[in-house]
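Structure assessment
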Amino acid sequence: MSTQSSKHDNPLLDFSDLPRFGEIRPEHVTPALDVLLADANAAVDRASQPSTPASWADVVEPVERATEPLARAWGVIGHLNAVADTPELRAVYGENLPRVTEFWSSVGQNLALYEKYKALSASGEFPSLTAERKKILDNSLRDFRLSGAELPEDRKPHFAELQERQAGLSKGFSDHVLDATNAYSYIVENEAELVGLPDDVIEGAKEAAEREGLNNGADRQAWKFTLHFPSYFPVMQYSENRAMRETMYRAYVTRASEMGPTYGRGKPEWDNTANIAEQLKLRAEESHMLGYRNFAEVSLAPKMAESPAQVMAFLEDLATRARPHAEKDWQELRDFAANELGMTELQPWDMTFAAERLRQKRYAFSENEVKQYFPEDAVFKGLFKVTETLFGVKIRRDEAAVWHPDVRFFRVENQDGGLVAQFYLDLYAREGKRGGAWMDDARARHKHAHGAVQTPVAYLTCNFSAPVGGKPACFTHDEVITLFHEFGHGLHHMLTRVDELGVSGINGVEWDAVELPSQFMENFAWEWDVLSDMTSHVETAKPLPRDLFDKMLAAKNFQSGLGTLRQIVFSMFDMQLHVDFDPSGTKSANDLAREINERFHVVPQAAFSRWPNTFSHIFAGGYAAGYYSYKWAEVLSADAYAAFEEAAQAASGSVLDAATGTRYRKEILEVGGSRPAMESFKAFRGREPNIDALLRHNGMTPGATH
Ligand SMILES: [Zn+2]
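Positions within a chain are numbered from 1, following the residues in the order the chain's sequence is written. In keeping with the model being predicted, local features are shown solely for residues with a pLDDT of at least 70 and side-chain atom pairs are shown and tallied solely at 80 or more, while totals for entire chains, interfaces and linings include all residues. Where side-chain values are given, they derive from all heavy atoms of the structure, hydrogens and water being excluded.

Once that is clear, we can look at the sheet that holds strand S9 (residues 457–464). On the basis of which strands lie adjacent, the open sheet formed by 5 strands has the order S3-S4-S5-S9-S6 and mixed pairing. Looking at which strands have only one partner, the edges of the open sheet turn out to be strand S3 (394–398) and strand S6 (438–443). Each strand of the sheet is rotated relative to its neighbour by a mean of 30°, with strand direction disregarded. By definition, two strands form a pair when at least two bridges between them are found by DSSP. Secondary structure elements follow DSSP: runs of H or I no shorter than four residues count as helices, runs of E no shorter than two count as strands, and numbering proceeds from the N terminus. Both strand S5 (residues 419–428) and S9 contribute to a ladder of 6 bridges, which runs parallel. Residue Leu-425 lies in a different strand from S9, and its bridge partner there is Leu-460. Only heavy atoms enter the contact rule, under which two residues are in contact if any of them lie within 4.5 Å. Angles run from 0 to 180 degrees between N-to-C directions of axes, and those axes are lines fitted to C-alpha atoms, restricted for helices to the stretch in contact. Sheet contacts for helix H16 (residues 477–494): S3, strand S4 (408–413), S5, S6 and S9; angle to S9, the most-contacted strand, approximately 170°.

Set out below in structure tokens:
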């Protein structure tokens, strides 16, 4: 292994323009990282030397200059690992991941570097720095503090130990959930018990049984169902076998708890109850060491929400407003179940089933029929038109090396043809590509010290069905929404005008505000003006019929009152758990969950339910005291979108109002993370966000029926 490989030989070390996809091989990875990590470490060392002046030019700038290539190259490798996986690449990615992670955490804990940043903040240079640079420094100081850089030396090992134990417990939590999920199966041997289930679900269950030799085709027929969501959920939704629903429901909501062994082959060591209490104790201790009253304060420090009290007041308000609608949803469901399904007492395992029947009765339309109106070309024409009309840009095809023949490349230009940004579009699912949809940055906007501007480049990745039989690919409406969502993230990254890498585009944007531009874009995919223009039936070329659209719209808000309360219970539980809950006291986390459900929900929860024991978002997923951010960001995006609805009513007659779009581009998209999200929102909206628009979009305006 050599660190001498010439920069010209190794495409991963060429930063002159776009990544040289097509030339990058697994054997390039380790040598490139040898060079990049050595450069980055050297720059950090130089910047932290006692003799180095605490100035922007001697500390921040050189560290950024040496770490950006590392981040970019590692980004390319990570991207390829996600979209063009091979055993060789996966191996080399896995080998190098710890080196890269270790480098970044060593920077976060580098006390000498922290002292330089502090000295720069207190120096005579600080007042003369641009607002963007001040923000970068503030963010860095905050992150250093949160990773324990300010603790007395003799306390640091204990802090590190707390974090390590938390990481171990968090891993244990998700392992237990997975083990408990895997251990359970529900075997059906009598075909009559499958009544109500869709054919593909039955087929999947049959194949699962065959894989285990439970089904020999002759004297034994069997179907295997599991607690994995794609197997479990259709049972709740469609199975007319109430006993099967009850058994599986009980198993599902007691996974990884003391109730587990009763239902299935669970083991006491998979019970997450003690794990939860232990994690909460460690988080509280960590918070106290850092000088905070509780972990919720630590979690909110880098977020848009100002305090736990503010978050809880927000949730209470939303709960109060949603409650009458949830009560109505609940009453409707019970009436329907009693009158049409003959169920006088709705049990927790009947809820999803009854709701699905009611939904079908009220809003029946075929997803497949809708799909015929969304051929790929029409959808992209529509998406680009929305973008071009609102934000005054042009989108054209462009050329670049790609990692797969299906990948396309585009450029975003200003009206005068000047290059603003570029993006890769990798639309179709295929082998070796990770599932889901996401936006990632290939490089961010940055004005170099010598004045040249590096334009942003984004990756937009989806997993839609590829075209077959010479016909264009058609998208479901959900896929169209996904595309708009990811494109919204992309616009945030690409339309930034910020010159500083650390806060350009989505860099440095508060975590609970980052979904604003993405969810904002989704709204256009629900707008009649937009849809009537961007749909074209794949055979007849006719636009989407209005009555079909009306059904889609009505179905969108089906039972949204109940759905909202459910999210509030999760969010409030998460918040209270991290504010003043005592994990050593007599009340368990499950007791708190039950109390909160009683207070905020209209549907009682089953006495045996232990859902906190599988709440991986907050115990294994980085959402601790952060689950509220789903609803929080929805409020922001709905309220921002309402400005376009108001413009349509007041003046232009269309939500594609260019004046409002220009203001949105300038105040939200262009500024990226260079100022607090609340300031950006207020600059755009002229006031703080409020929840009215979200309630209206969810069909929950006061007094509204349907
Ligand atoms: Zn998103």
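Back to the text.
In this section: the coordination of the zinc ion. The coordination sphere of the zinc ion contains the protein donors His-485 (NE2), His-489 (NE2), Glu-515 (OE) and Glu-515 (OE), at a distance range of 2.1 to 2.7 Å. With water excluded from the atoms, a metal site may look incomplete; its donors are any N, O or S atoms within 2.8 Å, or within 3.2 Å for Na, K and Ca. Irregular is the default label, applied whenever a site is not tetrahedral (four donors, all angles between 85 and 135 degrees) and neither square planar nor octahedral (four or six donors, opposite donors over 155 degrees apart, all other angles between 65 and 115). In this structure, the zinc ion is surrounded by 4 donor atoms whose angles at the metal cover 51 to 140°, and the resulting shape is irregular. Ordering the donors of the zinc ion by residue number gives the pattern H-x3-H-x25-E. Here Glu-515 lies in the loop between H16 and helix H17 (516–522) and His-489 lies in helix H16, a separation of 26 residues in the sequence. Whether a residue is buried, partly exposed or exposed follows from its accessible area with a 1.4 Å probe, protein chains only, as a fraction of its type maximum: under 20%, in between, or over 50%, in that order. Judged by relative accessible area, His-489 falls into the buried class, the value being 11%. By relative accessible area, Glu-515 is classed as partly exposed at 26%.

Let us look at a negative patch on the surface. Surface patches are defined over residues having more than 30% relative accessible area and no salt bridge, joining like charges when they lie within 9 Å and nonpolar side chains (Val, Leu, Ile, Met, Phe, Trp, Tyr) when within 5 Å. Residue-level accessible areas treat just the shown protein chains as cover; the underlying method is Shrake-Rupley with a 1.4 Å probe. The salt bridge definition used is simple: a Lys or Arg side-chain nitrogen within 4 Å of an Asp or Glu carboxyl oxygen. For the purpose of counting charges, residues Lys and Arg are taken to be positive, whereas Asp and Glu are taken to be negative. His and the chain ends are not included. Charge positions are represented by NZ for Lys, CZ for Arg, CG for Asp and CD for Glu. Judged by side-chain charge, Asp-199, Asp-200, Glu-203, Glu-207 and Glu-210 come together as a negatively charged surface patch. In this fold, Asp-200 is placed in helix H7 (residues 199–211).

Each domain's limits were defined by an automated method or a database of domain assignments. For the protein, the assigned domains are domain 1 (11–140) and domain 2 (183–268). The C-alpha centroid of domain 2 is placed 49 Å from the C-alpha centroid of domain 1.

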